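Chains, contacts and geometry: an overview
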Amino acid sequence: QVQLVESGGGLVQAGGSLRLSCAASGRTFSTYAMGWFRQAPGKVQEFVAAISGSGGYTYYSDSVKGRFTISRDNAKNTVYLQMNSLKPEDTAVYYCTAGRGQPRLAANYDYWGQGTQVTVSS
């Protein structure tokens, strides 16, 4: 069992930055790929970024590539999402996930955090 707790969300102006953190419980953290998904009101859930267990591979959606960076610290059981050049359309609840398999598919993730709100004002 893996428990995930996100933090770092908040309100920021367009062009600003935020860093999300996700702390995971358990001793098998490094065996899981970690992902970030988001969901805005009235919209479907969207893949944002993912990182392999070792951290050697990263994946991004086209909408965030070049602006967001995912990283992980396996010694701290934590994954991060650095978000730069934020836009109003980045406003959503961001969810941290842990799983194995194809990293862009939500169905491949077994564990989900409770989500953290990110609001970008124009």
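As the structure is a prediction and not an experimental result, all values here were calculated from the model.

Calculation criteria
- Residues numbered from 1 in each chain as written.
- Predicted model: local features only at pLDDT ≥ 70, side-chain atom pairs only at ≥ 80, totals over all residues.
- Heavy atoms only, no water.
- Disulfide = S-S within 2.5 Å.
- Helix = DSSP H or I, 4+ residues; strand = E, 2+ residues; numbered from the N terminus.
- Buried < 20%, exposed > 50% of the residue type's maximum accessible area, 1.4 Å probe, protein only.
- Salt bridge = Lys/Arg side-chain N within 4 Å of Asp/Glu carboxyl O.
- 1 Å grid on protein atoms, 1.4 Å probe; cavity = no way out; pocket = protein on both sides within 12 Å on 5 of 7 lines; lining within 4 Å.
- Points joined across faces, edges and corners; volume = space filled by probe spheres on them.
- Nonpolar A, V, L, I, M, F, W, Y, C, P; charged D, E, K, R; others polar.
- Core = buried A, V, L, I, M, F, W, Y, C linked by side-chain atoms within 4.5 Å.
- Contact = heavy atoms within 4.5 Å.
- Phe/Tyr/Trp six-rings, centres within 6.5 Å; stacked < 30°, edge-to-face > 60°.
- Lys NZ or Arg CZ within 6 Å of the ring centre and 35° of its normal.

Re the state of the cysteines
A complete count under the given rule lists one disulfide for this structure. The side chain of Cys22 participates in a disulfide bridge whose partner is Cys96; the two sulfur atoms lie 2.1 Å from each other. The chirality of the disulfide connecting Cys22 with Cys96 is left-handed, given an S-S dihedral of about -80°. Note that Cys22 is positioned in strand β3 (residues 18–24) and Cys96 in strand β9 (residues 92–99), a separation of 74 residues in sequence. Assessed through its relative accessible area of 0%, Cys22 is described here as buried. Residue classification places Cys96 among the buried residues on the basis of a relative accessible area of 0%.

Considerations on the pattern of salt bridges
Per the counting criterion, the structure on display carries four salt bridges. The salt bridge involving Glu46 is made with Arg38; its shortest N-O contact spans 2.8 Å. Judged by its relative accessible area of 30%, Glu46 falls in the partly exposed class. We note a salt bridge from Asp90 to Arg38, for which the minimum N-O separation is 2.9 Å. Separated by 52 residues along the polypeptide, Asp90 in the loop between β8 (78–83) and β9 and Arg38 in strand β4 (residues 33–39) bring together distant segments of the chain.

What about the layout of surface pockets?
Considering only enclosed or pocket space, the largest pocket measures out at about 180 Å³ in volume. For the lining of the largest pocket, a count of residues per class yields three nonpolar, three polar and seven charged.

Section: the nonpolar core
Residues Leu4, Met34, Trp36, Leu81, Met83 and Tyr94 are the most contacted members of the largest nonpolar core, which totals 30 residues. Residue assignment for this core shows that the elements contributing at least two residues are β3, β4, β5 (46–51), β7 (68–73), β8, β9 and β11 (116–121). Residues in contact with Leu81, not counting those within four places in the same chain, are Leu18, Arg19, Leu20, Trp36, Val48, Ala49, Phe68, Thr69, Ile70 and Tyr94.

With respect to the packing of aromatic side chains
Summed over all chains, the structure comprises six aromatic pairs. Ring plane angle 80° and centroid distance 5.9 Å describe the contact between Tyr32 and Tyr111, whose orientation is recorded as edge-to-face. Taken together, the positions of Tyr32 in the loop between β3 and β4 and Tyr111 in strand β10 (residues 109–112) put the pair 79 residues apart, joining distant regions of the chain. On the basis of an interplanar angle of 70° and a centroid distance of 5.6 Å, the ring pair of Phe37 and Phe47 is categorised as edge-to-face. In this pair, Phe37 sits in strand β4 while Phe47 sits in strand β5, placing the two residues ten residues apart along the sequence. Residues Phe37 and Phe47 agree in their burial class; the two are buried. Over the aromatic face of Phe29 sits the side chain of Arg72, whose NZ or CZ is 4.4 Å from the ring centroid. The positively charged end of Arg100 is found above the aromatic ring belonging to Tyr32, 4.0 Å away from the centroid.

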